[in-house]
Each structure stands twice: as C-alpha cells, then as structure tokens.
Amino acid sequence: MEPILQFKNVSRSFKKGRIPIPVLQDIDLSVNALEFLCLVGESGCGKTTTGKILSGLLAPSSGRVLFEGRDVSKLRGEAYRHYRRSVQIIHQDPYASLNPTQTIYDILSFPLFRHKLVHNRTQARDRVAELLTMVDLTPVLDVIDKYPHQLSGGQRQRVSIARALTTNPSVIIADEAVSMVDVSIRIGLLNMLMDMRTSLNVTIVFITHDLALAKYFAWDGRIAVMYLGRVVEIGRTPDLIGEPQHPYTRVLLSAIPEADPQKTRSKQHILLRSEDIPRLTELPPGCSFHPRCPWFVEGVCDARVPQLAPVPASASASEVACIPLTEGAALTLYTP
Amino acid sequence: MIGAVKPTIVENTMKNDVILQVQDLSIVYQTPRGDVMATTDVSFDLRKGETMALIGESGSGKTTLSLSFIRMLPNSARVTKGKILYSRDGVTRDILEMSDNEIRRFRWSDCAMVFQGAQNAFNPVLRVRQQFADTAAAHGKTDKAWIKQRTLELFKLVRLDPERVYEAYPHEMSGGMRQRSLLALGVLLDPQIVILDEPTTALDILTQRAIIDVLKEMQQRLNFSIIFISHDLALAAEMASRVATVYAGEIVEEGSVEDIFYRHRHPYTLGLIRSVPRLSRQQDELMSIPGEPPNLITPPSGCKFHPRCMFASDKCKVDPPPLVEYEPGHRAACWHTDKVAAARIAFAAQD
C-alpha cells in the first residue's frame, strides 16, 4: 500500500528566547491509506506537533513531509491547495476551537466558500445541512443557526468533526478529539470517526494520551508510542498491547489502572529508576529514556541514540528504538 | 484538637465507625433562568479508613456535593434540606450548623480538600516550608520544631526528598512533585477525611501511578478516609472501597467496589462501565449511552435517567424509583434491575 502521508527524518524545534527546544527529532513515519493509526504519548512527547506538521499547520525545521508521494514544501498553487483541503485536523478543545461570534452555519460555510466548493447561499445551506446530518446533529434546523455556546460539549465536538469534513478530506488528524467530552458519549463519537473510514474513504490519524482508547480505536491498525520527541515503538496494535517491547511501553502499560477492581489491583507495576521527566532543553545523551529505564545498560544506552528496528526472535513484529533489544540482548534489571 | 462548642453537638445516631453521615441533602443554585437542582436527597455514610468514590459525568453534581462537606459552596447555592453529621472522638456535630469559627477549624484539621488541578494551589512567592508553617499556625500550632519534624516526615511519606522540597519554591518542582507536596499539606493536621477532586486528571500516566501509590501508602499509615470525585472508572476500580454513581444530582447506585463493577443494578452504572475500553481485553464491544446529561433546571419526570435508558418503561416516566438495598450495603434506584443484571452478564462474557 502506498503511504498517503509520510515523514522523512522530520525534526522540529521551537525557540524560547535564544534556546532552541527540540520538540521532534528524526521522525520517520508513514500513514497508509485507509489504515487506523494512533499516536500515543504523554504530554510534551510531540504528538500534537506531529499532528500539526502532518496537516500543514506547521512546517518541519528539517526533513520532508510527503503527501501522495510529493514533497509538501515544493507544492504550489492548486497542488498545495489540494493538499491542504485533503488533510484536515480536529482540535482537542471544542470550547476553544469554535469562534464564539459565529453561528454553526458561518463556521461550516466559510471553508466551503473559501475553497469554492459552493457558489451561493442556497448551495452552502444544503451542504451544511448535509454535513450536520453526517455527524448526527439532527434535526438540522435546531442547530444550524445556533452559536457554539448554545450547544453542549459533545455537540460542539460534532461541529468540529463536521468542519473537518467540509472539504472532503482524505485524511483527518484527530488530536485528542474525544478527551474533553464525557465518558458516556466518548465511544459514540469515536465510533462515528471510525465509521467514516468506510463511508467516506477517510484515513484517520488519532492522537491520544490514553492507551486503552488507542487500543480500541486502532485494533485493526497500528500504534506509535512517542517519548520526548521520538517514536520509541511502532507496530500492529495487538502486538504492541499484548507483547510490548520497548521499556517505556512496558512501563506505561503496567502503570495504567483498569476499570476492573480485581485485575487492576493484581497488576504488577514496573518501577522506574527516576520519576523526573527530563526537560527538552536538557535531553540526556543517547536514549532519552535511559535515566528512568529500569533495564538501563551503562555505556550503551547513554552513549548511542537508538534507531527503530525490529526485535530479533520476538513474538512481536513491532519496531523499537532500544539498542539492547534490537541487538538481541535480553533485558536485565540495572543495578548500580 | 477542636474545642467542642456545646450548642452544635447533636445526638449521636451513627454507628461506631461512621465518621460522616449525609442525610437527605438537597442543594440548589439560584440562577436567573431558574433553580438548578444540583443535589437531590443524597444520603450516604462514610466509615473510618474507607475510600469512597463519587463517579459521574460533568454537571452531575459531584463537585457540589463535596464542596458542601466543607461548606465551600458558592454564594448562589442554598442547602434546602438535609444534614451532614460529622463525628470525631465520640462527639457528633452537624457541619451545616457549625459557627464560622468552628467551620474554620474543622477545615483542614478534620477535613482537607485537594482541588482539581491543585498543582497550582501553592503561593508562588513563598517557600513550601513557609506554607506548611502558616497552615499549622492558622490552627494554633506554633511549635516550630514540631512543624518541621512533621513536615519532613510527611515529605518522606509522599516519596519526596525532604531536605530539597522543604526549602524549595513551588516553581522549582514538577507538577507531580507539587501534587505530592499538596497531599502532604493536606494531612499535616491529621484530618479524618481528605476530599480529592479529580486528583490525577491533569497528570501524566506515570505521574498518576506514583500519586496513586503514594495515596494508598499514606492512607495505610495515617488511616484517614478519602472521598474522591472522578469521571475515571479505572481510578475508582483501583482506589475505592466503596463507589457511588451520581446522575443528575442523585446517587443512583451505591455499593462496595465489587458490587458496582461486578454486580451493578443500575442502567447508568452499566452504561458507564460499557463505555470504557480496557487494555486487558482483546477487542471490546463498547457502547455509548445515547443522548446527553439532562438540564437540571427542568429535570426529566420520573426517573431522571429514563430519556437515555434502554430499559425505560412507562412507569419510569412517571414514578421516580426509590434507592433500594439489594444486598447489605448495595443500593440502587431502578425499576428494572433484573434487566440490568441480564445485560451485565451478557457483557461480562467478553472477559
């Protein structure tokens, strides 16, 4: 399958005063057409920045982003507009991402006029009504002329999803798209997003900090686990959840509470060597997880930067960035 | 500890180990659009050393409920009915009847509260030790050696480097460290109850794990009771000994953590449990609860959950179901608990 979006060695840093903060480092990532891909990580791992670069809202500091095989930075005119129309993003906070002074019709019709997808008000109203129906905001007339503050959080997030659909995209980046809505309606929204793959031929990249939610969303797809600006493990979801390889993935999975009292209380927790998350401005040398890693190998992990590779003779086909693992060593607990 | 003031002492009707008893509590918010019935006829007991989780969605009234225990409700709120009885050392008082001075001392000495996003609760221009000393002084404890010793002891208990944190300013600590310092501050005066409002929501997974472990250890050592408010079912499964499901301002089900997760009888509890993905399962079959939480100015008639309930019958639209005890300590308010049980068994077959 030809990847629809691709990162080639992408890095991105932001400047705080004169100090550059490396938020993403050397990311290689392919988004295959119509797959479920999930980016998972804790705050500050670079998952939102990745989403913004994928959707063209940010440019990489170095490296290339390919859309349908073509370098995005070289696209001009109609080709560039085609890319921007084709890749849409849903932001996390439905309270902040909708303009409070515009009605739902204004919000949804603006991109339609901007991209000349409609030519007059009648067409625009029809198309907006169609979009609202797609996201189950019915009856349409109850919603279309309202302002965002008149809707509930769940309804607003549906408007955000409808807005992402205005330009008939082929890829939607959903950045924590359900984390601000209530538990009881979260799965409904997620199921709706998942159904769009088949009904609208959209590839969905789902960004979340919640591994259980990622597992549910991408069971037939892949998960990429990020830590401090790098992908540390990527693989098919059943592999990654069932046979986690990278120490960080293992620690994360062991730490997550489960909604089952007996299971969650009998879980074995892996202890970190340190609970302090390094600052992005003072990243440790070698593998950036090494100061916390329970299986740290002196002279290896603090000396060389690990690259993604499969683990030899493993039950999992995931690629991991961990030198002891990819060089075929067994993990042994570090003792100073 | 507290100079018991005679007039507010009430007759003790509580069992030995019950330290907080909420009786038929109703709270409304007065707004220009009408009265919001945030809490309606809530009753429950909190026993010594237990952890009670209040779970429910935003707007279900769980924060209102917990604020009423320390009388911190906003001015627009009015308690229209009920009592909140608190018992310590054989003396029982109604929190709602305490004088201003009594309630001031009750807060923190008897009942501490850690708010949501509390990592920002410290004063940024004072050293942490100063804030511990101020809190102690406000409650009449001025023995500097005692304060220092207690503070350092508590830092050790929450797994912080005592010497480093004692002299630190809040900005010198990470979010997780601040949260742990705050837990230490919460138990400084040896309260019987600690209320935690979404204690881990703003934190990363690994920090969250550290806080959970620290809380469990603290509770074991100091034997206080915890009331915690969360929408996170996994956290409740991990921490709670008892769970109350709150919907539209009412407790709709209450029981031991096993009752709630394995033997639930209310369709809302069932709906919540069915909407949470679990790592330990293969592919799960999840379902949302249809619709949205109701408007509490004009709540639905009968059972407030009926517009979203798949088992709703005509009876549910008219008669509000009473909270009935099904097993000792397990109560639920639903006319169709048998149907919920059947659906629960079908869902549990996934494990």
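Conventions adopted
Residues numbered from 1 in each chain as written. Chains lettered and ligands numbered in written order. Predicted model: local features only at pLDDT ≥ 70, side-chain atom pairs only at ≥ 80, totals over all residues. Heavy atoms only, no water. Helix = DSSP H or I, 4+ residues; strand = E, 2+ residues; numbered from the N terminus. Buried < 20%, exposed > 50% of the residue type's maximum accessible area, 1.4 Å probe, protein only. Polar contact = N/O pair within 3.5 Å; in protein donor to acceptor, adjacent residues only side chain to side chain. Pairing = 2+ DSSP bridges. Phe/Tyr/Trp six-rings, centres within 6.5 Å; stacked < 30°, edge-to-face > 60°. Lys NZ or Arg CZ within 6 Å of the ring centre and 35° of its normal. Contact = heavy atoms within 4.5 Å. Buried area = accessible area lost by both parts, 1.4 Å probe. Salt bridge = Lys/Arg side-chain N within 4 Å of Asp/Glu carboxyl O. Axes fitted to C-alpha atoms, helices over the stretch in contact; angles between N-to-C directions. Domains from an automatic or database assignment. Expected span 1.5 Å × (residues − 1). Nonpolar A, V, L, I, M, F, W, Y, C, P; charged D, E, K, R; others polar.

## Considering the environment of Asn120(A)
Residue and element names in this part refer to chain A. Along the polypeptide, Asn120 turns up in the loop between helix H3 (104-114) and helix H4 (121-134). On the basis of relative accessible area, Asn120 is assigned to the partly exposed category, the value being 34%. Separated by 3.2 Å, the side chain of Asn120 and the backbone nitrogen of Thr122 make a polar contact. Here the side chain of Asn120 touches Gln123 through a polar contact of 2.9 Å, landing on its backbone nitrogen.

## A closer look at the sheet that holds strand E1 (residues 3-16) of chain A
Taken together, the 4 strands give an open sheet; going across it, the order is E2-E1-E4-E5 (chain A), and neighbouring strands pair in antiparallel fashion. For this open sheet the edge positions go to strand E2 (19-32) and strand E5 (70-71) of chain A, each flanked by a neighbour on one side alone.

## Describing the packing of aromatic side chains
According to the stated counting rule, one finds 14 aromatic pairs over all chains in the structure shown. Aromatic side chains Tyr248(A) and Phe289(A) sit 5.3 Å apart centroid to centroid with 70 degrees between the ring planes, which places their arrangement in the edge-to-face category. Linking Tyr248(A) in helix H9 (residues 247-255) with Phe289(A) in the loop between helix H10 (261-265) and strand E11 (309-310), this pair joins segments that are 41 residues apart in sequence. Per residue, the accessibility class of Tyr248(A) equals that of Phe289(A), and both read buried. In this structure an aromatic cluster arises from ring pairing among Phe36(A), Phe206(A) and Phe217(A). Lying across the ring of Tyr105(A), Arg125(A) places its NZ or CZ 5.5 Å from the centre. The ring of Trp335(B) carries Lys315(B) above its face, with NZ or CZ at 4.3 Å from the centroid.

## So, the interface of chain A and chain B
Taken together, the 43 residues of chain A in the interface contact 43 residues of chain B. Overall, the association of chain A and chain B removes approximately 3800 Å² of surface from exposure, summing both partners, and the carbon and sulfur fraction of that is 55%. Counting the surface chain A buries against chain B, the share from its top three residues, Val183(A), Ser184(A) and Ala259(A), is 16%. Across the contact surface, chain A and chain B share 2 salt bridges. A salt bridge links Arg180(B) to Glu275(A); the nearest nitrogen and oxygen atoms lie 3.1 Å apart.

## Let's talk about the sheet that holds strand E5 (residues 91-94) of chain B
Residues and elements named next belong to chain B. Spatially, 4 strands are ordered E2-E1-E4-E5 in an open sheet, and the strand pairing comes out antiparallel. With one partner strand each, in any of the chains shown, strand E2 (34-47) and E5 form the two edges of the open sheet. Each adjacent strand pair in this sheet contributes to an overall mean axis angle of 10 degrees, direction not counted. Here strand E4 (residues 77-88) runs beside E5; their pairing, made up of 4 bridges, is antiparallel. Paired with Ser87 across the bridge in E5 is Thr92.

## Notes on the pairing of strand E3 (residues 51-55) of chain B
Residues and elements named next belong to chain B. E3 sits mainly inside the fold: 5 of its 5 residues count as buried. Judged from the 5 bridges that link them, E3 and strand E8 (residues 225-230) form a sheet pairing that is parallel. Counted as the bridge partner of Thr51 is Ile226 from E8. Here 4 bridges tie E3 to strand E9 (residues 242-247), and the two strands are oriented parallel to one another.

## Digging into H9(A)
Side chains that are three or four residues apart share a direction in an α-helix, a result of its 3.6 residues per turn. Of all the 9 residues making up H9(A), 8 are buried; the element is thus mostly covered by neighbouring parts of the structure. Residues of H9(A) that are buried include every one of Pro247(A), Tyr248(A), Thr249(A), Val251(A), Leu252(A), Leu253(A), Ser254(A) and Ala255(A), and no others.

## Digging into the side chain of Gln219(B)
Residues and elements named next belong to chain B. In this fold, Gln219 is placed in helix H7 (residues 205-222). On the basis of relative accessibility, which here comes to 13%, the residue Gln219 falls in the buried class. In this structure Gln219 touches Gly49, Glu50, Thr51, Phe224, Ser225 and Ile226, once residues within four positions along its chain are discounted.

## As for the environment of Ser184(A)
In this fold, Ser184(A) is placed in helix H6 (residues 183-200). We classify Ser184(A) as buried; its relative accessible area is 0%. Once you skip the residues sitting within four places of it in the chain, Ser184(A) turns out to touch Glu57(B), Leu272(B), Ser275(B), Ser288(B), Ile289(B) and Arg308(B).

## So, the domain arrangement of chain B
Residues and elements named next belong to chain B. Partitioning chain B into structural domains gives domain 1 (10-240) and domain 2 (246-348). Using C-alpha coordinates to define each centre, domain 1 is positioned 28 Å away from domain 2. With 23 residues of domain 1 at the contact, the number on the domain 2 side is 20 residues. Buried surface at the junction of domain 1 and domain 2, both sides included, amounts to about 1800 Å², of which 64% is carbon and sulfur.

## Some thoughts on helix H6 (residues 175-186) of chain B
All names here are of chain B. With 12 residues, H6 should reach 16 Å at 1.5 Å per residue; the first-to-last C-alpha distance of 16 Å fits that figure. Most of H6 is tucked away, with 11 of its 12 residues classed as buried. All of the buried residues along H6 are Gly176, Met177, Arg178, Gln179, Arg180, Ser181, Leu182, Leu183, Ala184, Leu185 and Gly186.

## As for the domain arrangement of chain A
All names here are of chain A. Taken domain by domain, chain A consists of domain 1 (3-102 + 167-227) and domain 2 (243-326). Taking only C-alpha atoms into account, the centre of domain 1 sits 24 Å from that of domain 2. Buried area between domain 1 and domain 2, both sides added, is near 1100 Å², and the carbon and sulfur share of it is 72%. One can count 0 salt bridges joining domain 1 with domain 2. Counting every contact that joins domain 1 to domain 2 gives 2 residue pairs in polar contact (both at pLDDT 80 or more). Mapped by element, the contributors of at least two residues to the side of domain 1 that touches domain 2 are E2 and strand E9 (222-227). The element best represented in the side of domain 1 that touches domain 2 is E2, accounting for 5 residues. Its residues assigned to classes, the side of domain 1 that touches domain 2 comprises 8 nonpolar, 2 polar and 1 charged.

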